[in-house]
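# Residue-level structural notes
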Amino acid sequence: MNTNALLHDGADRVIASDRFDRVFWKRLWRLVRPYWSSERRPRAFALITAMTVLSLAAVGMQAVFSYVSRDLMNALQAKDSARFYHLLTLFVVWIVVFVPIAAVYPYLTRLLAIDWREWTTETFVRKMLRHNSLYHIMRDHTVDNPDQRISEDVNSFTGGALNYSMTVLQAIVTAMTFFGILWAISRSLALSLIGYALAGTWLAIVIGRRLVVINFNQQRFEADYRFALVHARDNAEAIALYDGERDEAAQLQRRFARVVSNFKLLLLWQRHLTLYTAAFDNAAGLVPYFVLAAAYFSGHFQLGEFTQAAYAFSVLQGSLSLVVDQFQALTEYASVVNRLAVFDEACENAAGDQSRGDRQIELVEGGAQVSLEEVTLMTPDWSRALQQHVSFSLGQSDRILLSGPTGAGKTSLMRAIAGLWSFGSGRILRPSREEIMFMPQKPYLILGSLRQQMQYPHAGEVSSETLMEVLREVDLAYLPEQFAGLDAEVHWADVLSGGEQQRLAFARLLLNRPRFAILDEATSALDGDSEERLYTRLAREPIAFISIGHRASLHKFHNEVIELPLVLEPASELSDAPTTTA
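Residues numbered from 1 in each chain as written. Predicted model: local features only at pLDDT ≥ 70, side-chain atom pairs only at ≥ 80, totals over all residues. Heavy atoms only, no water.

## So, a nonpolar patch on the surface
Side chains of V168, I172 and M176 sit close together on the surface and give an oily, nonpolar patch of about 300 Å² of accessible area. Relative to the assigned elements, I172 resides in helix α5 (residues 146–185). (Patch = residues over 30% accessible without salt bridge, like charges linked within 9 Å, V, L, I, M, F, W, Y side chains within 5 Å. Areas by Shrake-Rupley, 256 points an atom, 1.4 Å probe, with all protein chains shown as cover. Salt bridge = Lys/Arg side-chain N within 4 Å of Asp/Glu carboxyl O. Helix = DSSP H or I, 4+ residues; strand = E, 2+ residues; numbered from the N terminus.)

Put into structure tokens, the structure is as follows:
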């Protein structure tokens, strides 16, 4: 398989490669820059400055230790007990000073990492939910598992960025310091080390770069499998009713097979890289002995200088071989950067959807009514028209029923009014989102209490008496008693039936009291009597609404009925506008 293979998303953009190339560094900078230029910059720079000082202090202490160790060995060789014990005391002092640094440095690192993670997570959540970006991402399958990218990849990114940046800084300072020490002892050993480290780094990149793509795939397959497990858990009853256990198990097995197959490939290439790095590191320890042994035996070096040279070589080799030793972890980090960068790009693209070529339905906010002007709805692949030349207006006292056969695009029309369906042409005028409320057939139930469910999304704080009165009006007065009060938190989508969920959505509508409402099969799970009670109660509110439904019983609650035909002809041959009856 080609090690330069690339992964692509649906738009054929490169999302992962096996190279630390210009694309990778641009993506890394795109992710790093916002936090360090945000309002938290003063605190972040204070912490990173303290970390840098401690890191440089640790390097300086290492250098001092090399000289103390050298003199200690020379005193041993000369049998100078007084000097030996004096130096031993210095050794103890060095340890006492180093211990606080070793404890405080990781504390500051984690403190900065959690602050960075908090800010980045909040930023990604806002981007994901702004301008319906999450809806567009999931609809277009732009990226997979956005939840994992926020919950796991952000944590790995921020912690890794701090770890690698400080490690590189420390490696550079250590290399400069100990190269000077080594150069003063043996220039030939210093030059040998440079050549050894450069050759080793190049070979590590050649051998291990394949791991970037493999790690990217591993995270993707693991997330897909985890999503399938959650999907099975959330639909356990439906699977049991369909007797679909065998098919569900086969699907889970197929997804897990991809996890196992890719993981075996990952293990194979990790083995290749580990074999090389182990050989490289162990061989490095022998280099100073080969280079300096002859000079030591000929009397050019004392034992302390010899051991100092070996120690300096070891420390310097570790700094120069950073890429070799960390390459496996770096490949995992590169996949994290790629996944987050692609997600960030997808959010930005979705937020800027108004400027995309496929967004042709003009949506204008701020009007005093909901008005559609010559609106044509197309399928996302633009192969078929769902409706053409739809025009009608919903004024302040209007109540319109949209009816028609399945597949006529009724729900797509609601999405177009909401700004979620942009495929087509024409113009839609509507009030701001705070003044219009959409009620899909399956209500959205938030994670929270019954009180929060009813007040969602704009009702604000409402008294318990008002909430109970509204619950009585929608025949749900028993819920607080059944679930331990208005503030009890349960997974409402699991404990409420479809009819109860739709009645709760009506309670939410009555509390929020928008100027306009769009109801898409909002009573489909209710019996006729319950439907009539809810619509009768809604009719007493100063809310203009559009209902989408099939039942003839709905006609009496509306002053206008629009029958949308089922479009089967190619769009170019369509000319009929929808019929309207009073």
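Picking up where we left off.
## Observations regarding the nonpolar core
Core analysis: the largest hydrophobic core is formed by 42 residues, its most contacted members being W36, L112, W116, F157 and F343. Only α1 (22–36), α2 (41–78), α3 (81–129), α5 and α12 (322–351) provide two or more residues apiece to this core. With 11 residues, the top contributor of residues to this core is α12. The contacts of W36, once residues within four sequence positions are left out, are R41, A44, F45, I48, L112, W116 and L162. (Core = buried A, V, L, I, M, F, W, Y, C linked by side-chain atoms within 4.5 Å. Buried < 20%, exposed > 50% of the residue type's maximum accessible area, 1.4 Å probe, protein only. Contact = heavy atoms within 4.5 Å.)

## What about the environment of L534?
Residue placement: L534 occurs in helix α19 (residues 528–539). Using a relative accessible area of 3% as the deciding quantity, one classes L534 as buried. When sequence neighbours within four positions are dropped, the list of residues in contact with L534 reads V474, R503, F506 and L526.

## A short note on α3
The first and last C-alpha atoms of α3 sit 72 Å apart over 49 residues, in line with the 72 Å expected at 1.5 Å per residue. One or two residues past the end of α3 sits H131, with phi positive at roughly 55°. (Expected span 1.5 Å × (residues − 1).)

## Section: the sheet that holds strand β4 (residues 370–378)
If you trace the four strands from one edge of the open sheet to the other, you get β3-β7-β4-β5, paired in mixed fashion. Only two strands of the sheet have a single neighbouring strand rather than two, namely β3 (362–365) and β5 (385–394). Across this sheet, the average inter-strand angle for adjacent strands is 10°, counted without regard to direction. In this fold helix α13 (residues 410–418) packs onto β3, β4, β5 and β7 (424–430), with an angle of close to 120° to the strand it touches most, β4. (Pairing = 2+ DSSP bridges. Axes fitted to C-alpha atoms, helices over the stretch in contact; angles between N-to-C directions.)

## Re the packing of aromatic side chains
Under the definition given, this model contains 18 aromatic pairs. Ring centres 5.8 Å apart and planes at 65° place the aromatic pair Y35 and W119 in the edge-to-face group. Pair noted here: Y35 is in helix α1 and W119 is in helix α3, with a separation of 84 residues, a long-range link. By way of ring pairs, the aromatic residues Y35, W36, F45, W116, W119, F157, Y164 and Y333 are connected into one cluster. It is K127 that lies over the ring of F124; its NZ or CZ is 6.0 Å from the centre. (Phe/Tyr/Trp six-rings, centres within 6.5 Å; stacked < 30°, edge-to-face > 60°. Lys NZ or Arg CZ within 6 Å of the ring centre and 35° of its normal.)

Limitation: the analysis is restricted to geometry and does not speak to function.
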